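Residue-level structural notes
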Amino acid sequence: MTIKQLYVAGAGLMGAGIAQTAISHGFDVTLREVDDNLVNRGVENIKRRLDSLVQKGKLEAAQRDAALARLHPTTSLEAAGRADFVIEAITENFDAKRDLFKRLDGICREEAILASNTSSIPVTRMAAVTKRPDRFIGMHFFNPVPVMPLVELTRGRDTSDATLAATLELSKALGKTPITSLDYPGFIVNRMLVPFINEAIRALTEGLGTREDIDQGARLGLHHPMGPLELADFVGLDTHLYICGVLYEGLHDARFAAPPLLRQLVDAGHFGRKSGRGFYRYGPDGARLAD
Ligand code: 3HC
């Protein structure tokens, strides 16, 4: 199957990152958000990132312009009717994804593949709300999408071999290295990452060290680019809490239970970098502030 036209639903951090990656690799991308403000914000973020690559001499201005010409922002769901491949990257919430996939299933061409960027929701459960569970797959990207080389593919119970093969091919065409996971809670990466972040939060709660000690420990002792508390802020504490819930519900293992401090920060509206405060404080540009 030749995939040329992509439709990305959701222009937040992940959706915009996926769209940027795809237009930079020659795909035509329709990027959809629910209103003009949100879609424009996504497009502005993509432009800013591409401009910065031009300023750093990593991209020609003409290449940036050609990439942006392949980006088609929209608020229309019906525009998905032209797509060969749809990637859903909306909020990590089953009800919202279910409603969207039901509608997309009615709009998309019969042969189009539907993919979800979910980090934790069972792919089989989402596929089952459509009439095309054989053409449905999990396609989990990592933040920041243009930089992180991995994509984690998950077959639902009825995903066909042809769908997996087409998605593997697309992943490589997007410059990513795919791995495949069974449809188990958290798939492969979050199965490892969630207990790691949770343990760091428990260590902080128990006073084992300061937030800086804990993050330095992972950065300098394990060679991680970010410590677990910084990374939790980067992913979003609300998102991490949601993923903990899915893993705990699916696996009933205390390692995945949300630490009380995480819940308290989310209750307080401290969602991490995106809200300006989490384990650390951030300015409007996302840069860390001293406090
Ligand atoms: N979008 C696009 N590009 C970005 C970016 C963003 N949000 N943030 C940084 N970059 C690019 C920069 O432009 C720069 O590109 P260049 O090398 O071509 O100039 C490069 O990344 C490095 O950026 P910086 O020099 O500004 O900063 P760092 O060297 O500190 O790197 C980082 C920033 C890439 C974010 C690095 O800290 C990192 O790799 N952190 C860990 C990220 C990670 O683990 N992500 C996975 C999260 S888990 C997940 O997403 C799954 C979900 O289900 C929870």
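Overview of the structure. (Residues numbered from 1 in each chain as written. Predicted model: local features only at pLDDT ≥ 70, side-chain atom pairs only at ≥ 80, totals over all residues. Heavy atoms only, no water.)

The full set close to the ligand counts 18 residues, and Lys56, Lys58, Ser119, His140 and Asn143 are the nearest of them. Within the side chain of Lys58, an N or O atom sits 2.9 Å from an oxygen atom of the ligand. Within the side chain of His140, an N or O atom sits 2.8 Å from an oxygen atom of the ligand. Burial of the ligand by the surrounding chains reaches 66%, relative to a free accessible area of 1000 Å². Of all the secondary structure elements, the ones that give two or more residues to the shell around the ligand are helix 7 (189-205) and helix 9 (228-235). Sorting elements by how many residues they give to the shell around the ligand places helix 9 first, with 3 residues. Here the residues of the shell around the ligand are counted per class, giving 11 nonpolar, 4 polar and 3 charged. Looking at the shell around the ligand, you find at least three residues from each of domain 1 (5-181) and domain 2 (193-279). (Near = heavy atom within 4 Å. Polar contact = N/O pair within 3.5 Å; in protein donor to acceptor, adjacent residues only side chain to side chain. Areas by Shrake-Rupley, 256 points an atom, 1.4 Å probe, with all protein chains shown as cover. Helix = DSSP H or I, 4+ residues; strand = E, 2+ residues; numbered from the N terminus. Nonpolar A, V, L, I, M, F, W, Y, C, P; charged D, E, K, R; others polar. Domains from an automatic or database assignment.)

What follows covers the pairing of strand 4 (residues 85-88). Burial along strand 4 is two-sided: Phe85 and Ile87 facing one way and Val86 and Glu88 facing the other are all buried. Pairing of strand 1 (residues 5-9) with strand 4 involves 4 bridges; the strand directions are parallel. Note that in strand 4 the partner of Val8 across the bridge is Ile87. Across 4 bridges, strand 4 lies against strand 5 (residues 113-116) in parallel orientation. (Buried < 20%, exposed > 50% of the residue type's maximum accessible area, 1.4 Å probe, protein only. Pairing = 2+ DSSP bridges.)

So, about the packing of aromatic side chains. This structure, assessed with the given rule, holds 1 aromatic pair. A ring pair is formed by Phe101 and Phe136, whose centres lie 4.7 Å apart and whose planes are at 70°; its orientation type is edge-to-face. Highlighted residues: Phe101 in helix 4 (residues 94-107) and Phe136 in strand 6 (residues 136-141), separated in sequence by 35 residues. Overall, Phe101 belongs to the buried group, its relative accessible area being 0%. One cation-aromatic arrangement involves Arg125 over Phe94; the distance from NZ or CZ to the ring centre is 5.8 Å. Directly above the ring of Tyr280 sits Arg288, whose terminal nitrogen or CZ lies 3.7 Å from the centroid. (Phe/Tyr/Trp six-rings, centres within 6.5 Å; stacked < 30°, edge-to-face > 60°. Lys NZ or Arg CZ within 6 Å of the ring centre and 35° of its normal.)

It is worth spelling out the nonpolar core at this point. Side chains that are nonpolar tend, in soluble globular proteins, to be buried together. Core analysis: the largest hydrophobic core is formed by 34 residues, its most contacted members being Val29, Ile46, Leu71, Phe85, Met139 and Phe141. In terms of residue count, the dominant contributor to this core is helix 1 (residues 13-24) (6 residues). (Core = buried A, V, L, I, M, F, W, Y, C linked by side-chain atoms within 4.5 Å.)

This paragraph deals with the sheet that holds strand 1. Spatially, the 8 strands line up as an open sheet ordered 3-2-1-4-5-6-7-8, and their pairing is mixed. Both edges of this open sheet fall to strand 3 (71-74) and strand 8 (177-181), since each of them pairs with a single strand only. Taking the axes of each pair of neighbouring strands and ignoring which way they run, one obtains an average angle of 25° across the sheet. In this structure, strand 2 (residues 28-32) lies alongside strand 3, joined through 4 bridges in parallel fashion. If you follow Leu31 over to strand 3, its bridge partner there is Pro73. Its contacts with the sheet place helix 1 against strand 1, strand 2, strand 3, strand 4 and strand 6, and it is angled at close to 165° to strand 2. (Axes fitted to C-alpha atoms, helices over the stretch in contact; angles between N-to-C directions. Contact = heavy atoms within 4.5 Å.)

Moving on: helix 8 (residues 211-222). Counted at 1.5 Å a residue, the expected span for helix 8 with its 12 residues is 16 Å, and the 16 Å between its end C-alpha atoms agrees. The set of residues buried in helix 8 consists of Arg211, Ile214, Asp215 and Ala218. One face of helix 8 carries all of its buried residues, which in axial projection span an arc of 95°. Away from the buried face of helix 8 by more than 90 degrees, exposed residues Leu220 and Gly221 are located. Phi for His223, located one or two positions after helix 8, is positive at around 65°. (Expected span 1.5 Å × (residues − 1). Arc of directions from axis to C-beta.)

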